[in-house]
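The residues making up each chain are set out below.
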Amino acid sequence: MKVNGKHYRTIWMEGHRVKMIHQNKLPFAFEIFESDDHLQTCHAIKTMIVRGAGAIGAAAGFAMAQACLEAQNQTDYQQYIRKAKAAVEATRPTAQNLFYAVKEVFEAGMQSAESAVIRAKELAAANAEEMRKIGETGNQLIQQRMNIATHCNAGWLAFVDYGSALAPVFEAKRSGKEVFVYADETRPRNQGARLTAWELHQENVPHAIIPDNANAWLMSQGKIDMMITGADRIAANGDVANKIGTLEKAIAAKEYGIPFYVAAPLSTFDFDCESGNDIIIENRSDEEVLWQEGPDKEGSFHRIRMANPGSNALNPAFDVTPAKYITGLITAHGVVSPTHADIRQLKEFL
Ligand code: MRU
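Residues numbered from 1 in each chain as written. Predicted model: local features only at pLDDT ≥ 70, side-chain atom pairs only at ≥ 80, totals over all residues. Heavy atoms only, no water.

A.B. asks: Teacher, can you tell me more about the layout of surface pockets here?
C.D. replies: To find leftover empty space, a probe the size of one water molecule is rolled over the atoms. Roughly 510 Å³ of volume is contained in the largest pocket. Around the largest pocket sit 21 residues that line it, and Asn 24, Thr 47, Arg 189, Glu 288 and Glu 293 are the ones nearest its centre. Contributions of two or more residues to the lining of the largest pocket are made by α7 (191-202), α10 (287-290) and β14 (291-295). For the lining of the largest pocket, the per-class residue count stands at 5 nonpolar, 7 polar and 9 charged. (1 Å grid on protein atoms, 1.4 Å probe; cavity = no way out; pocket = protein on both sides within 12 Å on 5 of 7 lines; lining within 4 Å. Points joined across faces, edges and corners; volume = space filled by probe spheres on them. Helix = DSSP H or I, 4+ residues; strand = E, 2+ residues; numbered from the N terminus. Nonpolar A, V, L, I, M, F, W, Y, C, P; charged D, E, K, R; others polar.)

A.B. asks: Honestly, the pattern of salt bridges in this entry has me stumped. Any pointers?
C.D. replies: It is possible for side chains of opposite charge to pair when their charged atoms get near one another. Within the structure shown, the criterion is met by 23 salt bridges. Arg 145 is the salt-bridge partner of Glu 178, the closest N and O atoms lying 3.6 Å from each other. Here Arg 145 lies in the loop between α5 (113-139) and β6 (146-150) and Glu 178 lies in the loop between α6 (166-174) and β7 (179-184), a separation of 33 residues in the sequence. Glu 178 sits in the partly exposed class, given a relative accessible area of 48%. The exposure class of Arg 145 is exposed, given its relative accessible area of 55%. Note that Glu 288 is salt-bridged to Arg 284, the shortest N-O span being 2.8 Å. Across this residue pair, the class does not change: Glu 288 and Arg 284 are buried. (Salt bridge = Lys/Arg side-chain N within 4 Å of Asp/Glu carboxyl O. Buried < 20%, exposed > 50% of the residue type's maximum accessible area, 1.4 Å probe, protein only.)

A.B. asks: Please clarify how the site of the ligand should be interpreted in this entry.
C.D. replies: The environment of the ligand is formed by 17 residues, the closest being Arg 51, Arg 92, Gln 191, Asp 232 and Lys 243. Contact between the ligand and Asn 153: an oxygen atom at 3.3 Å from a main-chain N or O atom of the residue. With respect to the ligand, the side chain of Gln 191 contributes an N or O atom lying 2.8 Å from an oxygen atom. Of all the cavities here, the one that holds the ligand is the largest cavity. Taken together, the residues that form the shell around the ligand break down as 8 nonpolar, 5 polar and 4 charged. Split by domain, the residues of the shell around the ligand number at least three in each of domain 1 (2-131) and domain 2 (132-349). (Near = heavy atom within 4 Å. Polar contact = N/O pair within 3.5 Å; in protein donor to acceptor, adjacent residues only side chain to side chain. Sits in = over half its atoms within 2 Å of the grid points. Domains from an automatic or database assignment.)

A.B. asks: Which parts of the structure should I look at to understand the pairing of strand β5 (residues 32-35)?
C.D. replies: A regular strand places its side chains so that they alternate between the two faces of the sheet. Alternating positions in β5 separate cleanly, Phe 33 and Ser 35 being buried on one face and Ile 32 and Glu 34 remaining unburied on the opposite face. Sheet topology note: the strand β4 (residues 17-21)/β5 ladder contains 4 bridges and is antiparallel. Of the residues in β5, the one forming a bridge with Ile 21 is Ile 32. (Pairing = 2+ DSSP bridges.)

Laid out in structure tokens, this is it:
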């Protein structure tokens, strides 16, 4: 990805230090957050300094690598990295990418800390390459002058580079197609309004931010030709966990005959998870619903209450879209149907 003409990845490791784009500062400021140890990287995942399934997968892998480096100075190397594994896995429950990366780097770390660092860097590099290919696959579905809707942020920032749902859009734009994107705000954390819109702006893709509840109406008016979202975990039967609000969009898309695609790398597939019923949905603090923050016209930041004082809120961060609402899964190995049979075949590429 290019930010102000300079190439960046969302997250990377230099020595023992993990560096990442500070997503909580965007779009108002572009800053790099630096983490010196695995606990700081865990904190970055929990507080969403780094967020998005692929990016937190890379962060989790790097956190394990940091833990292995730290463990070299401990009396019991293995006990230290086992404890670190539990700490990283406890940061966020839904994105499968996190658990995949932790397992891979932990196993490498049982050989040596050096192997752990190599494996974490390999996983991050492989993620960027896989997302590039997803862009190419998805672009084949996009026709000239299509209006595409997306939910949450599944662009560069949610991965190491390129993105999942947005990679086909960026590729379509680069290959000369005219596309228009509707970006849902994605309350309560506004990943669509803040991050997706920022990325589309950086790539000069024409777009509009829409309220989360405007989607079905626009579909009914023939304004949306296709919807592409990312995924945080895909079960073996094709059910997809993604940012809260995805389910209602998928139901509306089916009603209006609009293709609904989900783009994801293989590390998002949980081949051992039978169906969406088995996916753990993260519940986040009600503060995210009741309060919002942002700058005023002069640029000073404020935190303001959005809701009735004294009321509580619920904040489930994800929902599960049953496979029957999904037209196809865009992967680096082609577009596959959300069925047991097709998903099983992907396992050989992992
Ligand atoms: O912002 P998060 O980490 O809570 O949300 C995860 C996501 O990025 C979205 O669900 C996205 O659509 C999945 S693809 C990265």
